[in-house]
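The primary structure of each chain is shown beneath.
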Amino acid sequence: MNVFSELDKNIEYLEGLFADCNDLVKRKLPVGPSLDRWIYVIYFDGMTDRQVLEATILPQIMASGRKMPENFFNKPCSLLATLKEGGMTTADLREEADMQKIINVLMAGDTAVFVDGAEAAVLIATRGFPNRGVPEANIEVVVQGSNEAFTEVFRFNTALLRRRVKDPKLKMKHVQVGRRTLTDMSLCYLDDVVRKEVLADVEERIKNIDIDGILDCGALEEFIEDDYQSPFPQCQITERPDKAASAILEGRIAILVDNSPLALLVPAVVDSFFQSSEDYTQSWNITSFVRPLRFLSAFFALALPGLYIAITTFHPNMLPMMLTLKMAAARESIPFPAVLEVLIMEFAFELLREAGIRLPRPVGSSIGIIGGLIVGEAAVSAGIVSPIVVIIVALTGIASFAIPSYSLVSAFRLAKFLIIALSAALGLFGFWAALLIMIIHLASLKSFGLPYLFPFAAGDINGFTDFKDSIFRMPLIFMKKRPIYANPEQCNRMNEGKLGNVRQKE
C-alpha cells in the first residue's frame, strides 16, 4: 500500500491503525508563507530523541517555510527536495512511498513527516531509546584487557565493533526476523576473510525463520544451530566486543540482535569454548599453563562423580588399602548407596546454583557459599552423606567454574548425569561407555559445515596449524595463519617479511 496524496487520508489511516496507542505523538502543522499547506508529524514517545526533533528539526521547517516564495510549495519538485530546501538540515533522512515500510520504521523509533499533496513521506532518524550506556562485562570477567560489554541498544553494539575493526571491508548486513517484533539483526563479517559458503548458509537459515517474534539471541541460536536436540552449543555466545572483533578477524560471523546484550559467533568448534579474551592479553606461557587446567577441569566437571561411583561400588580394590578403609569407615553409618549419596548432593548443589542466580546479586554469591557450607556440614552431621561425597561434588562444581563458556558448562551438567547413571549400573565399563557415547555424539556434530571436534579431529584440513592455539597457545609471532574459519585465500594474517626485518634489527 502506498502513501495517499491527500494528507487527511493518511491521517485517517494511521490514527485508525494506532487507535488506543497513547504513546503515539502526532500533530498536524501549517507551513508555507501563508500557512496554507499542511504537514503531519508522527512518532512514538520514549523511542525518539524529542529534544533533537522538537528543538532543532521542526522549528527549522516552520521557520524556513515562512521565508519561501508563495509559489514554492506548488513547484513540481520531489518531496525530499522540498523539505531539504525548507530547512531539514539533518543528513540521515530518506523518502519512502510504501506505507508498511513507513510504519515499520516508525515503530523502530524514527519520525515520519507527511506533506499534503505528496505521495511519499520523509523518514527522519531520531531514535533515542532509554538505555544503560556501555556496561561493564560481568559474565566473561578478565583481569587484563577491556571491560566493555555489549548493551541492549543495537546501534551501540555495531559501533563497539566498528570502533575496534576500522576496515571498510567490515560489513554489517541488516536483516529483520519476526512477523510481529520485526527484530533488527546484523551479520558482521570481513568481506574478504569470511567463507562465502558459511555466510550464505547463515543467511539462508535466518531467512527460513518464520515466527511471530525473536526477542533474544538465545532464541535465534536454537533456530540456526545444526542439531537443536544436542545440549552442546554449536554457536558461541559472548558479551564482549573485543572477543567478537577477534572472531571477525579470524573469519567468523558475529550476529548482533536488537535488545540483546550478547552476540552470537559462528561457526564454533569445541576448542573455541575454552578460549578466553584474557588469553591474548597476557604472556603465552601463562596461557599455556592455564589452558590445560581448563581442559582438565572440564573432565573433572563431567566425569568425577561417575568415576567415584564406579570405583567405590564395583572396583574398590583399585584404591590403596588405607584409602579404602578410611572411605569404608566414613560410609559405615550412611544408610544410602554411593549413587544416591552423589545424587542428593548434586541436586542440592544445582538448587544452590540456581537460587544464587535468581537472587539479587549482592545476596546471591553469599547464598551460594554459605548455603553450600551449611548444607554440606549438616548432611554429613546427619549421616545422610559421607565427607568424601561432599568433597567430590564440591570439586566438580569448582571445576565447572573454571570453564570460560557458561553454555558449555550447562551441557556438561546434563551429560554428567548420564555418566552417573551408566557408572552406577555397569561400573567402569558403564563409565567408559558413557564417555564413548559422548565422544561419538560430539564427533557427529557440525557447526555450519565444520567438524565440532576440530582441531582434535580432522586437524589436517588446515595443515594442523590450529593446534598452535588449542590446548596450548604458541607465541603470537608463530601464529601466522588464521584458523579454519577463514577463507583459504586469506589465510595469512601476518606479514612474515616485516616481522623478520624487525627480528634482524633487534
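Read on for a plain summary of the structure. Just so it is clear, the structure is predicted and the values come from calculations on it, not from any experiment. (Residues numbered from 1 in each chain as written. Predicted model: local features only at pLDDT ≥ 70, side-chain atom pairs only at ≥ 80, totals over all residues. Heavy atoms only, no water.)

**Brief notes about the overall build of the chain**
Inclusion rule: Secondary structure elements are defined from DSSP: runs of H or I of at least 4 residues count as helices, runs of E of at least 2 residues count as strands, and each element is numbered from the N terminus. Residue contacts are counted whenever heavy atoms from the two residues lie within 4.5 Å of one another. Using a 1.4 Å probe, the Shrake-Rupley method yields the accessible areas, and only the shown protein chains count as cover for residues.
Scanning the chain for helices and strands turns up 16 helices and 12 strands. A separation of at least 24 residues holds for 65% of the contacts in the chain among residues at least 6 apart in sequence. Summing over all exposed atoms, the chain offers an accessible surface of approximately 25400 Å²; the carbon and sulfur share of this is 60%.

**Overview of the environment of Leu414**
Under the convention used in this document: Note on classification: 1.4 Å probe, protein chains only; a residue is buried when its accessible area is under 20% of the maximum for its type, exposed when over 50%, partly exposed between these limits.
Mapped onto the elements of the fold, Leu414 is located in helix H14 (residues 406–426). Of the residues examined, Leu414 reaches a relative accessible area of 57% and is grouped as exposed.

**What about the environment of Met1?**
Tracing the backbone through its elements, the reader meets Met1 in the segment before helix H1 (7–17). For Met1, a relative accessible area of 48% translates into the label partly exposed.

**Topic: the sheet that holds strand S6 (residues 170–177)**
Rule in force here: The pairing criterion for strands is at least two bridges between them, as found by DSSP. Simply put, an axis is a line fit to the C-alpha atoms, just over the touching stretch for a helix, and the angle between two N-to-C directions goes from 0 to 180 degrees.
Taken in spatial order, the 5 strands line up as S6-S7-S9-S10-S8 in an open sheet, and their pairing is antiparallel. The open sheet has two free edges, formed respectively by S6 and strand S8 (236–238), since each of these has just one partner strand. Recorded for the sheet is a direction-independent mean angle of 25° between the axes of neighbouring strands. Pairing analysis gives 4 bridges linking strand S9 (residues 253–257) to strand S10 (residues 263–266), with the strands arranged antiparallel. Note that in S10 the partner of Leu256 across the bridge is Ala263.

**Comments concerning the pairing of strand S4 (residues 111–115)**
Within S4, 5 of the 5 residues are buried, which leaves the element mostly enclosed by the surrounding structure. Alternating residues of S4 divide into Thr111, Val113 and Val115 and Ala112 and Phe114, and every residue in both groups is buried. Both strand S2 (residues 37–44) and S4 contribute to a ladder of 4 bridges, which runs antiparallel. The partner of Ile42 across the bridge, within S4, is Ala112. As judged from the 4 bridges shared by S4 and strand S5 (residues 121–124), these two strands associate in the antiparallel manner. Paired with Val113 across the two strands is Val122, which belongs to S5.

**Quick look at the sheet that holds strand S1 (residues 24–31)**
The pairing of strands in a sheet happens through backbone hydrogen bonds and is either parallel or antiparallel. Here 5 strands make up an open sheet; going across it, the order is S1-S2-S4-S5-S3 and the pairing antiparallel. Strand pairing shows two members of the sheet lacking a second neighbour, S1 and strand S3 (93–96), which therefore form its edges. Going across the sheet, the axis of each strand differs from the next one's by a mean of 20°, ignoring polarity. Strand direction decides the pairing type here: S3 and S5, joined by 4 bridges, are antiparallel. Bridging across to S5, Glu96 finds its partner in Ala121. On top of the sheet, H1 reaches S1, S2 and S4; it is set at about 20° to S2, its chief contact. In the packing of helix H4 (residues 99–107) onto the sheet, the strands contacted are S2, S3, S4 and S5, and the crossing angle to S4 comes to about 140°.

**Thoughts on the side chain of Ser405**
The condition is simple: Two N or O atoms form a polar contact when they lie within 3.5 Å of each other; inside protein one atom must be a possible hydrogen donor and the other a possible acceptor, and for residues adjacent in sequence the pair counts only when both atoms belong to side chains.
Its place among the elements puts Ser405 in the loop between helix H13 (387–401) and H14. Within the structure, the side chain of Ser405 is placed 3.0 Å from the side chain of Ser407, a separation counted as a polar contact.

**Thoughts on the pattern of salt bridges**
Heads up, the condition is: Note on definitions: salt bridges are taken to be side-chain nitrogens of Lys or Arg within 4 Å of carboxyl oxygens of Asp or Glu.
What the rule picks out here adds up to 22 salt bridges. Between Asp192 and Lys169 there is a salt bridge, with the nearest N and O atoms lying 3.7 Å from each other. Of the two residues, Asp192 is situated in the loop between strand S7 (183–190) and helix H6 (196–207) and Lys169 in the loop between helix H5 (154–164) and S6; the sequence distance between them amounts to 23 residues.

**Topic: a nonpolar patch on the surface**
Quick note on the threshold: To count toward a patch, a residue needs a relative accessible area over 30% and no salt bridge; like charges are then connected within 9 Å, while nonpolar side chains (Val, Leu, Ile, Met, Phe, Trp, Tyr) are connected within 5 Å.
On the surface, Phe289, Leu293, Leu296, Phe299 and Phe300 cluster together into a nonpolar patch covering about 460 Å² of accessible area. Assignment of secondary structure puts Leu293 in helix H9 (residues 284–314). Look at Leu293 and you get partly exposed, because its relative accessible area is 41%.

**Notes on the pairing of S9**
Of all 5 residues in S9, 5 are buried, a share of seventy percent or more. Along S9, one buried face is formed by Ile253, Ile255 and Val257 and the opposite face, lined by Ala254 and Leu256, is buried too. Bridge analysis of S7 against S9 gives 4 bridges, and the strand direction is antiparallel. Residue pairing for S9: Ser186 is matched across the bridge by Leu256. Hairpin geometry of S9 and S10 is characterised by an intervening segment of 5 residues between the two adjacent antiparallel strands and by a positive phi of about 75° at Asn259.

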